[in-house]
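# Observations on the model geometry
Okay, here's what each chain looks like letter by letter:
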Amino acid sequence: MSEFLHMGGYAFYVWTSYGIAFAIMLFGIIKPLMQHKQQLRQLQLKRKRGLK
Amino acid sequence: MLPWLTALMLALLAYGLYGGLVLAPADYQQGDSFRIIYVHVPAAWMSMFIYMMMAVSGAIGLIWHIKLAEIVSICSAPIGASFTLLALITGSLWGKPMWGTWWVWDARLTSELILLFLYLGVIGLYNAIEDKRTASRSVAILALVGVVNIPIIHYSVEWWSSLHQGPTVTKFAKPSIHIDMLIPLLVMAVAFKVYYVIALLLRSRNELVQREQGGRWLDDILEEK
């Protein structure tokens, strides 16, 4: 296991690559999801104002 | 559809990562550092693939004025930009131990950097124009002009001698990469494609809602919630 993590001495380069890949791809999913929630909130608010 | 796609992507990612990080043997020259390939190469492929998707759907929007094509085009841009950035960063992290440098101004790296600027240009231009139909048309033209960069990226390692290694997969002859290394790479590439579809659907939904504010169907959906 520790040999696996060691990556033949290239641990820093290999795991940084994978870490950044994970972070960027996760961000690309979470950001639009949060945006969507915010959109719905705003639209609901607008609608309620419109109804009154 | 989204949960299914997500499950498919996670399964492919798990298989690809296991195959790439554990099963594949270490490279005889590069040792374990070559394992960066499993994020670097799929990301680089995606950076070009998404650019073509953006340009082609931009052209479709330009010619037939199809709203959905415009939305697919502009929503592809940030995803493509993130893959381009990822390809550049992982390439840099691979270049440091193998070439002894983070960066060289050679053809492959420079043309990929230009691709990033093209994406950023597309996003910037789109946001700068108030009317979204006009913005889509302008962006489509910019994207189409930038298509010239794609074959330059692809053939750059053959046209100019470079630190970057030559093609090892997309050769018409037998790929010069071992099968145990190749399979996880292709699986990762498919996983990244599925990821693109998921991210694109999420972004397109937002863009559609943004554009159709006050539309009837949107009101109906809000009513239900």
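Our subject is the structure that appears above.
Now for a description of the structure that goes with this document. (Residues numbered from 1 in each chain as written. Chains lettered and ligands numbered in written order. Predicted model: local features only at pLDDT ≥ 70, side-chain atom pairs only at ≥ 80, totals over all residues. Heavy atoms only, no water.)

## With respect to the side chain of B:Asp106
Residues and elements named next belong to chain B.
- Inspection of the secondary structure assignment puts Asp106 in the loop between helix H3 (67-99) and helix H4 (107-128).
- No salt bridge is formed by the buried Asp106; the nearest opposite charge belongs to Arg108, separated by 7.0 Å.
- Engagement of the side chain of Asp106 in a polar contact is seen with the backbone nitrogen of Leu109, the distance being 3.1 Å. (Helix = DSSP H or I, 4+ residues; strand = E, 2+ residues; numbered from the N terminus. Buried < 20%, exposed > 50% of the residue type's maximum accessible area, 1.4 Å probe, protein only. Lys, Arg positive; Asp, Glu negative; His and termini not counted. Salt bridge = Lys/Arg side-chain N within 4 Å of Asp/Glu carboxyl O. Polar contact = N/O pair within 3.5 Å; in protein donor to acceptor, adjacent residues only side chain to side chain.)

## A look at a nonpolar patch on the surface
Residues and elements named next belong to chain B.
- Taken together, the side chains of Met52, Val56, Ile60, Ile63, Trp64, Ile66 and Leu68 define a hydrophobic patch exposed on the protein surface, amounting to about 670 Å² of accessible area.
- Broken down by element, the nonpolar patch gets its largest block of residues, five residues, from helix H2 (residues 37-64).
- Inspection of the secondary structure puts Leu68 in helix H3.
- Exposure remark for Leu68: the relative accessible area of 55% places this residue in the exposed category. (Patch = residues over 30% accessible without salt bridge, like charges linked within 9 Å, V, L, I, M, F, W, Y side chains within 5 Å. Areas by Shrake-Rupley, 256 points an atom, 1.4 Å probe, with all protein chains shown as cover.)

## Some thoughts on the side chain of B:Glu207
All names here are of chain B.
- Mapped onto the secondary structure, Glu207 falls in helix H7 (residues 179-211).
- We classify Glu207 as buried; its relative accessible area is 16%.
- Once residues within four sequence positions are removed from consideration, Glu207 is found in contact with Ile71, Ile74, Cys75 and Tyr126. (Contact = heavy atoms within 4.5 Å.)

## Some points on the packing of H2(B) against helix H6 (residues 149-159) of chain B
All names here are of chain B.
- Between H2 and H6, the least distance of the axes is 10 Å, while the angle of their chain directions is 160 degrees. As judged from the angle between their axes, H2 and H6 are roughly antiparallel. The element H2 and its partner H6 pack so that their crossing is left-handed. Of the residues in H6, those touching H2 at Met48, Tyr51 and Met52 are Ile150, Ile153 and His154.
- Per-class residue counts for the contact of H2 with H6 are five nonpolar, one polar and no charged. (Axes fitted to C-alpha atoms, helices over the stretch in contact; angles between N-to-C directions. Parallel < 35°, antiparallel > 145°, perpendicular 65-115°, else oblique. Left-handed = near helix turned anticlockwise from the far one by under 90°. Nonpolar A, V, L, I, M, F, W, Y, C, P; charged D, E, K, R; others polar.)

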